[in-house]
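What follows is each chain in one-letter form.
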Amino acid sequence: AISLLTSLPPARLLPIVVEGARDRRKQAVRRQCLEYTRFVLCTYSSAEVERCGSLLDHCFSQALIEEHALESRVVGPTLADAFAAFEEHWPQAAAGILRACSAATRATLAEAHEHFQGTSAADRAFARAATMT
């Protein structure tokens, strides 16, 4: 499944994956879709995912402004990590979403962002190179 996901251009697959990430009824599917979204945002350049910016903005806006989204043990950590990767590509859009979030949500996202910053650019470049082989 990983080779299928990495062989398709992210702009073609992300719209489908984002739909899965919006589904509140199936938490395991939602988590897997958010993990793939994070993977794409950490692996591909901004130019390669640029077409999906507004779609991702809308997805994160809905998910993070939703009450208790980050409290879910299934989805919460993955959502925070994916948002941290989104913030790297679209900092202004992420700042707008953060302003609309509760203080508790902002604190959780700040922790995820610090963790994401701790992951070196070299590690992310290695992940990208591994998918290209």
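Residues numbered from 1 in each chain as written. Predicted model: local features only at pLDDT ≥ 70, side-chain atom pairs only at ≥ 80, totals over all residues. Heavy atoms only, no water.

**Q** Could you give me a rundown of the confidence of the model for the protein, with the residues and numbers involved?
**A** Per-residue confidence for the protein gives a mean pLDDT of 80, with 80% of residues at or over 70. The secondary-structure element of the protein with the lowest mean pLDDT is helix α9 (residues 121-132), recorded at 48, while helix α7 (residues 91-100) shows the highest, at 92. Every residue in residues 126-133 is under pLDDT 50, and counting partners more than four places away or in other chains gives nine contacts. (pLDDT = per-residue confidence, 0-100. Helix = DSSP H or I, 4+ residues; strand = E, 2+ residues; numbered from the N terminus. Contact = heavy atoms within 4.5 Å.)

**Q** So what's going on with the environment of Val18? Which residues, and what values?
**A** Locating Val18 in the fold gives a position in helix α2 (residues 10-22). Remark: the alpha-carbon pair of Val18 and Cys33, spanning 15 residues in sequence, is separated by 6.7 Å. What Val18 contacts, discounting residues up to four positions off in sequence, is Leu55, Leu56 and Cys59.

**Q** Let's hear about the nonpolar core: which residues, and what values?
**A** Leu56, Phe60, Leu64, Phe83 and Phe86 are the most contacted members of the largest nonpolar core, which totals 36 residues. Mapped onto this core, the elements with two or more residues apiece are α2, α3 (27-43), α5 (53-65), α6 (76-89), α7 and α8 (103-118). The element contributing the most residues to this core is α6, with seven residues. (Core = buried A, V, L, I, M, F, W, Y, C linked by side-chain atoms within 4.5 Å. Buried < 20%, exposed > 50% of the residue type's maximum accessible area, 1.4 Å probe, protein only.)

**Q** Summarise the packing of α2 against α3; cite the residues concerned and give the values.
**A** Direction vectors running N to C along α2 and α3 enclose 150°, while the axes themselves pass 8 Å from each other. The angle between α2 and α3 falls in the class roughly antiparallel. Of the two elements, α2 crosses α3, and the hand of that crossing is left-handed. Along its contact with α2, which presents Pro10, Leu13, Leu14, Val17, Gly20 and Ala21, the element α3 presents Val29, Arg30, Cys33, Leu34, Tyr36, Thr37 and Val40. When grouped by side-chain class, the residues that make up the contact of α2 with α3 number 10 nonpolar, two polar and one charged. (Axes fitted to C-alpha atoms, helices over the stretch in contact; angles between N-to-C directions. Parallel < 35°, antiparallel > 145°, perpendicular 65-115°, else oblique. Left-handed = near helix turned anticlockwise from the far one by under 90°. Nonpolar A, V, L, I, M, F, W, Y, C, P; charged D, E, K, R; others polar.)

**Q** Go over the pattern of salt bridges, please, and point to the residues and values.
**A** If you walk through the whole model with that rule in mind, you get two salt bridges. The closest approach of N and O atoms between Glu19 and Arg22, which form a salt bridge, is 3.0 Å. With a gap of three residues between them, Glu19 and Arg22 both fall in helix α2, about one helical turn apart. Using a relative accessible area of 25% as the deciding quantity, one classes Arg22 as partly exposed. Here Arg31 ties to Glu35 by a salt bridge, and the two come within 3.1 Å at their closest N and O atoms. A residue pair is termed a helical-turn pair when its members lie 3 or 4 positions apart in one helix, as Arg31 and Glu35 do in helix α3 at four residues. (Salt bridge = Lys/Arg side-chain N within 4 Å of Asp/Glu carboxyl O.)

**Q** Any chance you could break down the packing of aromatic side chains for me, citing the residues and the numbers?
**A** Under the criterion given, the structure shown has five aromatic pairs. The interplanar angle of 35° and the centroid separation of 5.8 Å between the aromatic rings of Phe83 and Phe86 together place this pair among those described as tilted. Pair noted here: Phe83 and Phe86 are both in helix α6, with a separation of three residues, about one helical turn. Each of the two residues, Phe83 as well as Phe86, counts as buried. Ring geometry for Phe86 against Trp90: centres 5.3 Å apart, planes inclined by 35°, an arrangement best described as tilted. Trp90 matches Phe86 in its accessibility class, with the two residues each being buried. Taken together, the ring pairs in this structure connect Phe60, Phe83, Phe86 and Trp90 into an aromatic cluster. (Phe/Tyr/Trp six-rings, centres within 6.5 Å; stacked < 30°, edge-to-face > 60°.)

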